[in-house]
Amino acid sequence: MSLIICVHVHEGIVLASDSRSTYNNNIRMENKEIVHIGTNITDTTNKTFLCPNKVGLAICGDSSINGRPIAGFIEEFLLNKVTKDTPIDEMPEMIIEYFDAVAPKLRSVFFVVGYQKNRDHYEQRLYDVNTFERKYRKFDNVNQGAIWQGEMDILTKLLTKTFAKNGNQLMEIPQFDIAWNLFNLQDAINFAEFAIKTTADTMSFQNRLKTVGGPIDILVIKPEEAIWIKKKNLHANEK
């Protein structure tokens with residue numbers, strides 16, 4: 001499934017993702033289909049992309065189309081459909097149209113984040129795009145904060161008020177708010193990395209399919225520049 005997260009502050013936007021993809025193996029035996037879940041796992045999948053117009057794009061959900069990794073289709077979309085002058089506000093609809101043509105039942109969610117220049121100032125834009133429902137949302141960014149998609153249960157539990165049972169009573173466990181509006185850009189980077197690493201580390205001890213893992217890619221988008229803070233690269237393994 002993956003975990004993607006966007007942390008937005010006044011100084012810029014942080015977009016991050018893990019690198020794990022899990023693939024199922026469907027086989028048919030005696031007229032009965034058997035699904036083997038997570039039979040193939042790779043920790044080298046690109047899920048965060050820098051677009052030619054300095055927009056950040058991240059994806060979670062289905063990891064393949066017609067038996068091929070989805071990253072190649074995203075790169076084709078960016079190469080053939082997006083230019084340095086493409087407005088970010090047009091991209092959610094472009095993504096829906098493109099993937100509706102190549103994979104109409106694709107169950108994926110995209111984050112599309114960046115800046116739109118209006119006359120003499122820049123405005124942050126935060127979108128999520130659901131290809132299966134053919135819908136997109138524009139998020140309010142008046143206040144600083146974070147949005148995430150994918151394997152959200154672990155992070156959600158950490159940030160949600162919880163209770164412990166004491167006899168017949170429920171005792172509230174102290175919950176401390178996160179001071180989102182005090183975050184600077186480095187705090188945003190640190191939180192994005194924490195969110196994905198904590199999810200992956202927690203999953204490693206749980207009796208469940210390990211769907212988040214591998215290197216963490218982190219992209220920072222500012223009004224006039226984009227910076228890779230962490231980015232895995234192609235390489236040859238050393239013996």
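Notes on the structure in this doc start here. Here the structure is a predicted model, which is why all the values come from computation and not from measurement.

1. Some details on the pattern of salt bridges
Here is step 1 of the chain: All told, the structure shown has 13 salt bridges when counted by the stated rule.
Here is step 2 of the chain: Between Glu193 and Lys230 there is a salt bridge, with the nearest N and O atoms lying 3.0 Å from each other. Separated by 37 residues along the polypeptide, Glu193 in helix 4 (residues 185–203) and Lys230 in strand 16 (residues 225–230) bring together distant segments of the chain.
Here is step 3 of the chain: Taking the relative accessible area as the measure of exposure, Lys230 reaches 33% and is therefore partly exposed.
Here is step 4 of the chain: Measuring nitrogen to oxygen at the nearest pair gives 2.7 Å for the salt bridge that ties Lys197 to Asp201. Here Lys197 pairs with Asp201, and both are found in helix 4, just four residues apart, close to one helical turn.
Here is step 5 of the chain: Residue classification places Asp201 among the partly exposed positions, given a relative accessible area of 35%.
Here is step 6 of the chain: Among the charged side chains, a salt-bridge network with shared partners connects Asp89, Glu123 and Arg125.

2. As for the sheet that holds strand 15 (residues 217–222)
Here is step 1 of the chain: Strands sit in the order 12-1-2-15-16 across an open sheet of five strands; the sheet is antiparallel. Of all strands in the sheet, those with a lone pairing partner are strand 12 (145–150) and strand 16, marking the two edges. Averaged over all adjacent pairs, the angle separating strand axes in this sheet is 15 degrees, with direction ignored.
Here is step 2 of the chain: As defined by bridge partners, strand 1 (residues 3–9) adjoins strand 12 across six bridges and the pair is classed as antiparallel. When the sheet's bridge partners are listed, His8 is paired in strand 12 with Gly145.
Here is step 3 of the chain: Here helix 4 sits on the sheet and contacts strand 1, strand 2 (12–17), strand 15 and strand 16; the angle it forms with strand 1, its principal contact strand, is near 165 degrees.

3. Description of the sheet that holds strand 11 (residues 135–138)
By definition, the strands of a sheet pair up through backbone hydrogen bonds, in either a parallel or an antiparallel sense.
Here is step 1 of the chain: The five strands lie next to each other as 5-6-9-10-11, forming an open sheet whose pairing is antiparallel. Both edges of this open sheet fall to strand 5 (48–50) and strand 11, since each of them pairs with a single strand only. Strand after strand, the sheet turns through a mean of 20 degrees between neighbouring axes, direction not considered.
Here is step 2 of the chain: As judged from the three bridges shared by strand 5 and strand 6 (residues 56–61), these two strands associate in the antiparallel manner. Opposite Phe49, over in strand 6, you have Leu57 as the bridge partner.

4. Considering the pairing of strand 1
Here is step 1 of the chain: Most of strand 1 is tucked away, with seven of its seven residues classed as buried.
Here is step 2 of the chain: Where strand 1 meets strand 2, six bridges bridge the pair, whose relative direction is antiparallel. Each bridged residue has a counterpart across the sheet, and for Ile5 the counterpart in strand 2 is Ala16.

5. Observations regarding the side chain of Ser108
Here is step 1 of the chain: Among the secondary structure elements, Ser108 is positioned in strand 9 (residues 108–118).
Here is step 2 of the chain: Within the local environment of Ser108, its side chain forms a polar contact with the backbone nitrogen of Asp62, the two atoms lying 3.3 Å apart.
Here is step 3 of the chain: Not counting residues up to four positions away in its chain, the partners in contact with Ser108 are Ile59, Cys60, Gly61, Asp62, Ile70, Val129, Asn130 and Thr131.

Definitions and cut-offs
Residues numbered from 1 in each chain as written. Predicted model: local features only at pLDDT ≥ 70, side-chain atom pairs only at ≥ 80, totals over all residues. Heavy atoms only, no water. Salt bridge = Lys/Arg side-chain N within 4 Å of Asp/Glu carboxyl O. Helix = DSSP H or I, 4+ residues; strand = E, 2+ residues; numbered from the N terminus. Buried < 20%, exposed > 50% of the residue type's maximum accessible area, 1.4 Å probe, protein only. Pairing = 2+ DSSP bridges. Axes fitted to C-alpha atoms, helices over the stretch in contact; angles between N-to-C directions. Contact = heavy atoms within 4.5 Å. Polar contact = N/O pair within 3.5 Å; in protein donor to acceptor, adjacent residues only side chain to side chain.

These values are about where atoms sit, not about what they do.
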